[in-house]
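# Examination of the molecular architecture
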Amino acid sequence: MTIPRGPAIMLALGLVLLLDVLRVFLPSLITLFGRAGETPPELMGLYAAAWFILPFLALLAKPRHALLGGAAALVLARILLQAGVSQLYVASAGVTAGLVFLYGCTHAVPRRAVPVGVMGGLSLSLIVHLLLDGVDLVWRDGLVPWLAVLSVCAAFLSLLRPPAAEVDRAPTLTWFLLGPAMLLTGVAATGWAKPEQSPTDLWVVLAGTGLLAVVLVMVVVQAAHPPLSPVFDVILGVLLVVSAAALAVSASYVTVLLIGWLGSLLAGTARPDRPAGRRPGVAVLGGGLVFFVGLFVYYAAYDMNLGFPNGLVLVAVAVLVAVLSVVTALVRHSPRPVALVRSGWLPVPVAVLLVGLVTLGAPSAPPVRAKQGDTFTLIAYNIRMGYGLDGRLSLDKIAAWAAAQKPDVVLLSEVDRGWLLNGGHDGLARIARGLGMRYHFAPAADQVWGDALLTNLPVKQVHSHPLGAHDYPTGAQAQTVVLEVGGKEVGIVNTHLQAPEGQAPEVAAIARALAAGRDADEAGHRAAGAGEQVRRPVILAGDLNTRPTDPAMEVLKAAGLSDPLTAFGDAPKERIDHVLLTAGLTAISAQAPRLPYSDHLPVLTTLRLTSVDQEG
């Protein structure tokens, strides 16, 4: 049996455009509408929900009108976003337009084209996203991105043809599962824990894109053949739930296999023996609400205490997909002989092969470079997931500015390495490439959110110490590092305090222990005694969420830490980002440049080592 290629490609390209818009809409809620916590989260949630509820008005229109009108509005929104016009509101309207287009598709896309179009669109969007290093075309300037966007839009519109007659519509369940599929694939494709590695991690990109390509081929093959025994739906359902649990607990990039199990289940729901959908339009819009609710509950755990691990949201959505798919498979089925290529197992051997091949050719990290002399330059910067004051992704601008300062050490806060809510990019790897530096990531809120240190200086020790929650839901850590400058040790405590009243004494104790010669992995367990001699100078830096006059700052000063920025007359009065020094370090220069690449200002310092007891 053949798959109607035109409708399948039209649906796939429509989804690619919608996902492009979503990856602008979601971070814009935080950076433009939310203004980094200045807007009540309830108001932000209501605003976001409105654009997922508005598409239900399309139920009052004829499906062909919804198809054409939604597609035209989606293309217009995508082009305006490329031009940088009213990013927040255009992206918001684009999300509604995309859902209206999908409503029209429920009456225009034949049954066999639906799973191929859905999984093809999801896979193609994620493949392009990975190949672009997470910096989508919408964030890029120049002629080439414009030509690419216009080509996709033109191809999409050229395939936009409402059916001349009633089509064999896909079952209601197939369309409903589109929303959960968007959530699970979006998190699985970028939300896995990145290993400590070189910033030239091309092998990870190749592995991810290879797996997604395999998924796409698998779904096409399966959709073009007769259905399998429902036993395989049960197996695939179990694999889907297990993969979601692995993603929630200790994800690695192989959890992208979740997309393979999901694609197989989705293809199974559209089998010829299933009845045509009665209300597929309501189903696809309802699935969109599942995507919205699941996404915001999952990420709300970083701002409020949900009473349960947020990973359970992913597991619950996977269970929903598995149960609905398996129940319908058991109720109506027509078993056929088993074929390995159509059973959903195809990604496994190909994944092993791909990972093995690309790992063999993995490039090396930048070389370690010892520094002579007693001075070095340090930058501490809260990069706000890489988004500037204008709401646009500014990772390359941050890297270019930092590289121009010729730093020896760069400390970053609010480092995002794959949150779907923020667009699914690995900001740390991107900045590290721009700087040509090695990096050490310290997870805080979860496996892809935290703080990082970048340097090519010799690093002797590195460790991450979890800090107490103190009733604040978002986790925090203190990354302790011992590196060498001119053959002498320097300790660094890199942190982003979330509850400074409770966490300031903790990092003060860690800094004292590090200064007294404790190893990095011991500093968080045993503080230095009051009478112990300083053996190495220590820097405590990062977003401390503490103003110079706050009580928490007095706690840090009592630990022997001083603020060099006040001596240079260019310190913003309301600053909460700091570079604090113990004895043994003197600031040659310190400034907080007014940059628009984040809602925080960086602290740029040049430091000189003075005499301390390095021998004990």
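These remarks concern the structure in this document.

Calculation rules
Residues numbered from 1 in each chain as written. Predicted model: local features only at pLDDT ≥ 70, side-chain atom pairs only at ≥ 80, totals over all residues. Heavy atoms only, no water. Salt bridge = Lys/Arg side-chain N within 4 Å of Asp/Glu carboxyl O. Helix = DSSP H or I, 4+ residues; strand = E, 2+ residues; numbered from the N terminus. Buried < 20%, exposed > 50% of the residue type's maximum accessible area, 1.4 Å probe, protein only. Contact = heavy atoms within 4.5 Å. Core = buried A, V, L, I, M, F, W, Y, C linked by side-chain atoms within 4.5 Å. Arc of directions from axis to C-beta. Pairing = 2+ DSSP bridges. Axes fitted to C-alpha atoms, helices over the stretch in contact; angles between N-to-C directions.

## Some remarks on the pattern of salt bridges
- According to the stated counting rule, one finds 14 salt bridges in the structure shown.
- Glu554 is paired through a salt bridge with Lys557; the nearest N and O atoms lie 4.0 Å apart. Of this pair, Glu554 and Lys557 both sit in helix 18 (residues 551-558), three residues apart, which is roughly one turn of that helix.
- Taking the relative accessible area as the measure of exposure, Lys557 reaches 42% and is therefore partly exposed.
- Between Arg575 and Asp563 there is a salt bridge, and its shortest N-O distance comes to 2.3 Å. Of this pair, Arg575 sits in the loop between helix 18 and strand 9 (577-581) while Asp563 sits in the loop between helix 18 and strand 9; the two residues are twelve residues apart in sequence, bridging distant segments of the chain.
- Residue Arg575 is classed as buried on the basis of its relative accessible area of 8%.
- By relative accessible area, which is 16% here, Asp563 ends up buried.
- Among the ionic contacts, a cluster of salt bridges with common partners joins Asp20, Arg23, Arg78 and Asp136.

## So, the side chain of Thr96
- Inspection of the secondary structure puts Thr96 in helix 4 (residues 87-105).
- On the accessibility criterion, Thr96 (13% relative accessible area) is buried.
- The contact partners of Thr96, leaving out residues within four places of it in the chain, are Trp51, Leu54 and Pro55.

## Describing the nonpolar core
- In terms of nonpolar packing, the biggest core is built from 130 residues, with Leu22 and Phe25 touching the most fellow members.
- Here the element with the most residues in this core is helix 1 (residues 5-33); it accounts for 16 residues.
- Filtering out sequence-adjacent residues up to four positions away, Phe25 remains in contact with Tyr47, Ala48, Trp51, Phe52, Ala91, Ser92 and Val95.
- Residues Leu497, Ala511, Ala515 and Leu556 belong to the second largest nonpolar core, which totals 24 residues.

## A short note on helix 18
- Among the residues making up helix 18, those that are buried are Ala552, Met553 and Leu556. Buried residues of helix 18 fall within an arc of 100° about the axis and therefore sit on the same side. More than 90 degrees from the buried face of helix 18, the exposed residues found are Pro551 and Ala558.
- In the core, the buried residues of helix 18 are packed alongside helix 17 (500-515), strand 8 (538-543) and strand 9.

## Re the sheet that holds strand 5 (residues 459-466)
- The strand order across the open sheet formed by five strands is 5-6-7-8-9, and the pairing between neighbours is mixed. Single-partner strands in this sheet number two, and they are strand 5 and strand 9. Adjacent strand axes in the sheet meet at a mean angle of 15° when their direction is disregarded.
- Two elements, strand 5 and strand 6 (residues 477-485), share seven bridges in a ladder whose sense is antiparallel. By the bridge assignment for strand 6, Val459 is matched with Leu483.

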